[in-house]
Amino acid sequence: MIIDESQLKAARKIVSAADAVILVAGAGMSAAGGVLPTFRDNEGFWRHYPGLKGRSFFTVASLNSFYDDHSATLGFYMHRKVLYRDTMPSEAYRLSLALVEQKPMKGVLVTTNVDGHAQRAGFANVWEVHGSINEWHCASVNCTKYRKVVELDVPVDSEFIASVNSSCFCDCGQPIRPSIMLFDDIGYQPLSYAMQKSVFDQYFVSLQEKKAKVCVIEVGCGNAVPTQRINSGRYSKIFSTKVIRINKEKESDSDDFLNLTGVDAVKALSSLLG
Ligand SMILES: [Zn+2]
């Protein structure tokens, strides 16, 4: 797939004139270049996790599932934790960091990815809006140890079902959970959320105060959970710019963003770097 040249030219112009970069990243950022698999539907989910056949991703990715289906749910997250740890961050991180480093006022990465790859790639200013799989804690809000980080490592079998043992529970008897925003996590804030958001807010305000020219680059954010698309749209309005949208899925044209879509993030970011 070829990038639309007129859109690329317009995007390059915005990037080259910018003082700072706000990167808004979704699953496609970590999956760029085929480094990590994504599953867009239940069939894809079950292909990667045959032991979870019959359960939907939405069911497994819930706090209730740590109570109702502990070994399968814990197995899923334990496997993801090890997979992310054993996989190098995608090339898209290196390229986007290079973009940020070129700018006098640097930049920030706002991500829904929970794999910790942004920090490993060298990003200093990261807001992980859905939390991190590298932090775990007691699930009970009533526990005195709630939100105290616990190291948890348990083996999983060939179908990624965990061997649940006493280390999977807090002293209070409640399960240990990952600090990730789950689908039934109303009101939950991941452990590092407030601190990261505060750093983000200070940086954001400093850009506004200095009347910085900011480019907003959205990488690999799908439509299924549109939080990140809403964020990039908001940032672009505040800084009077267009969103540079990079997505593997082809998008319909719109005046609100520049379309580097239908290509992998690595190719699109390489084209932007020149
Ligand atoms: Zn507890």
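Residues numbered from 1 in each chain as written. Predicted model: local features only at pLDDT ≥ 70, side-chain atom pairs only at ≥ 80, totals over all residues.

What about the overall build of the chain?
Move 1: Counting its regular elements, the chain contains 11 helices and 8 strands.
Move 2: The C-alpha atoms of the chain give a radius of gyration of 20 Å, which matches the 19 Å a tight globule of 274 residues would have.
Move 3: Judged by the C-alpha coordinates and their principal axes, the chain covers about 55 × 40 × 30 Å.
Move 4: Within the chain, the proportion of its 274 residues that are buried is 39%.
Move 5: Taking contacts inside the chain between residues at least 6 apart in sequence as the whole, the part at least 24 apart equals 68%. (Helix = DSSP H or I, 4+ residues; strand = E, 2+ residues; numbered from the N terminus. Rg over C-alpha atoms; globule rule 2.2 N^0.38 Å. Buried ≥ 20, exposed ≤ 12 C-beta atoms within 10 Å, placed from the backbone. Contact = placed C-beta atoms within 7 Å.)

Structural notes on the nonpolar core
Move 1: Ranked by size, the top nonpolar core spans 42 residues in total, and within it Ile22, Leu23, Val216 and Ile244 carry the most contacts.
Move 2: For this core, the element with the highest residue contribution is strand β1 (residues 20–25), accounting for 6 residues.
Move 3: Residues within four places of Ile244 in sequence aside, it is in contact with Ala11, Ile14, Cys215, Val216, Ile217, Glu218, Phe257, Leu258 and Leu260.
Move 4: Counting 20 residues, the second-largest nonpolar core is a separate cluster that includes Phe66, Leu74, Tyr84 and Val114. (Core = buried A, V, L, I, M, F, W, Y, C linked by C-beta atoms within 7 Å.)

Quick look at the pairing of strand β4 (residues 131–138)
Consecutive residues of a regular strand have side chains that alternate between opposite faces of the sheet.
Move 1: Counted residue by residue, β4 has 8 buried out of 8 residues, so it is predominantly covered.
Move 2: Pairing between β4 and strand β5 (residues 176–180): 5 bridges, direction antiparallel. From the neighbouring strand, Ser132 faces β5, where its bridge partner is Ser179. (Pairing = 2+ DSSP bridges.)

Observations concerning the sheet that holds strand β3 (residues 126–128)
Move 1: Judged by pairing direction, the sheet is parallel, and its 6 strands sit side by side in the order β3-β2-β1-β6-β7-β8 without closing on themselves. Edge positions in the open sheet fall to β3 and β8 (257–261), since each of these has one partner strand only. Adjacent strand axes in the sheet meet at a mean angle of 15 degrees when their direction is disregarded.
Move 2: Looking at chain direction, strand β7 (residues 243–247) and β8 are connected through 5 bridges and run parallel. Bridging across to β8, Ile244 finds its partner in Leu258. (Axes fitted to C-alpha atoms, helices over the stretch in contact; angles between N-to-C directions.)

As for helix α6 (residues 70–85)
Think of an α-helix as 3.6 residues a turn; residues three or four steps apart then line up on the same face.
Move 1: Spanning 16 residues, α6 covers 22 Å between terminal C-alpha atoms, matching the ideal 22 Å at 1.5 Å per step.
Move 2: Of the surrounding elements, those touching the buried residues of α6 are α4 (57–60), α5 (64–68), α8 (117–121), β4 and β5. (Expected span 1.5 Å × (residues − 1).)

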